[in-house]
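Coordinates in review
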Amino acid sequence: MSTVKVWDLPVRICHWALAACILANLAVTESGSDIHQIIGYTAVGIVSFRVIWGFIGSRHARFSDFWPTPSRLRAHWQILKNRQPDPHPGHNPFGALMMLALWGIIIGLGITGYMMGTDMFWGDEMIEELHETLANSLIPLIVLHVAAALLMSYIGKINLVRAMITGNKNLPD
């Protein structure tokens, strides 16, 4: 096994802080409460920072390292089909798709949450339903994200959860 520094501190802080915000707003806070709104805006701020970090951060934090192009997605699908080891030290292309989907939903939640508090959209059922639909769509994506991380850890014999805590990935030689 060789150890590779993969995820820098800003990536790891963003990941776990975002997970805490989502968990708090889905399971702990009361919808529409001040704390719910503050946590929601904090989540949008974290995603916004992480997007900026995707352009200026360390190697594996940058979008150029993992952007899910069609050719990268096809190549990764072949690797999975052939049960080969994952050659990506950082995020693989499917993981990148998941990140983008999660971030898009979180930004959408922030926008619709903000809109619900404005005079123009106060009490607008369509905006409220969209906000609720986005929140409800986040849950299965989170489950899929966690399941995929655990499955890829098992298949690749790499503890991805520990890697997201320490920043280091133990890769098979």
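Residues numbered from 1 in each chain as written. Predicted model: local features only at pLDDT ≥ 70, side-chain atom pairs only at ≥ 80, totals over all residues. Heavy atoms only, no water.

The name given to the protein in an unreviewed UniProt entry is Cytochrome B561, with the source organism recorded as Neisseria arctica. Taken directly from UniProt, the Subcellular location (unreviewed entry) text for the protein runs: "Cell membrane". (UniProt positions renumbered as here; feature names shortened; annotations may be inferred.)

Across residues other than glycine, the phi torsion is negative in most instances, and most of the peptide bonds are trans. Even without being glycine, lysine 157 reaches a positive phi, approximately 55°. Mapped onto the elements of the fold, lysine 157 is located in the loop between helix H6 (125-156) and helix H7 (160-166). (Helix = DSSP H or I, 4+ residues; strand = E, 2+ residues; numbered from the N terminus.)

This part covers the UniProt feature "transmembrane region" (unreviewed entry) in the protein. As annotated in UniProt, the feature "transmembrane region" (unreviewed entry) corresponds to residues 39-56, 94-117 and 137-155 in the numbering used here. Along residues 94-117 one finds 96% helix and 0% strand; the C-alpha atoms at either end are 35 Å apart. A distance of 27 Å separates the end C-alpha atoms of residues 137-155, which is 100% helix and 0% strand.

In the structure shown here, the tally under the stated rule is 6 aromatic pairs. Between the aromatic rings of phenylalanine 55 and phenylalanine 63, the centroid separation amounts to 5.1 Å while the plane-to-plane angle is 75°, which identifies the pairing as edge-to-face. Ring geometry for phenylalanine 63 against tryptophan 103: centres 6.1 Å apart, planes inclined by 70°, an arrangement best described as edge-to-face. Linking phenylalanine 63 in helix H3 (residues 63-66) with tryptophan 103 in helix H5 (residues 93-116), this pair joins segments that are 40 residues apart in sequence. When its relative accessible area of 8% is taken as the criterion, phenylalanine 63 is described as buried. Since its relative accessible area comes to 10%, tryptophan 103 is described here as buried. Aromatic rings pair up to connect Phe55, Phe63, Phe66, Trp67 and Trp103 into one cluster. (Phe/Tyr/Trp six-rings, centres within 6.5 Å; stacked < 30°, edge-to-face > 60°. Buried < 20%, exposed > 50% of the residue type's maximum accessible area, 1.4 Å probe, protein only.)

Let us now look at empty space enclosed by the protein. Here the structure, examined in full by the defined rule, presents 1 cavity of 30 Å³ or more. Taken as a whole, the largest cavity spans an internal volume of roughly 40 Å³. Taken together, Ile79, Leu80, Arg83, Gln84, Asp86, Met152, Ile155 and Gly156 form the lining of the largest cavity. Elements supplying a minimum of two residues to the lining of the largest cavity: helix H4 (70-81) and H6. Here the residues of the lining of the largest cavity sort into 4 nonpolar, 2 polar and 2 charged. (1 Å grid on protein atoms, 1.4 Å probe; cavity = no way out; pocket = protein on both sides within 12 Å on 5 of 7 lines; lining within 4 Å. Points joined across faces, edges and corners; volume = space filled by probe spheres on them. Nonpolar A, V, L, I, M, F, W, Y, C, P; charged D, E, K, R; others polar.)

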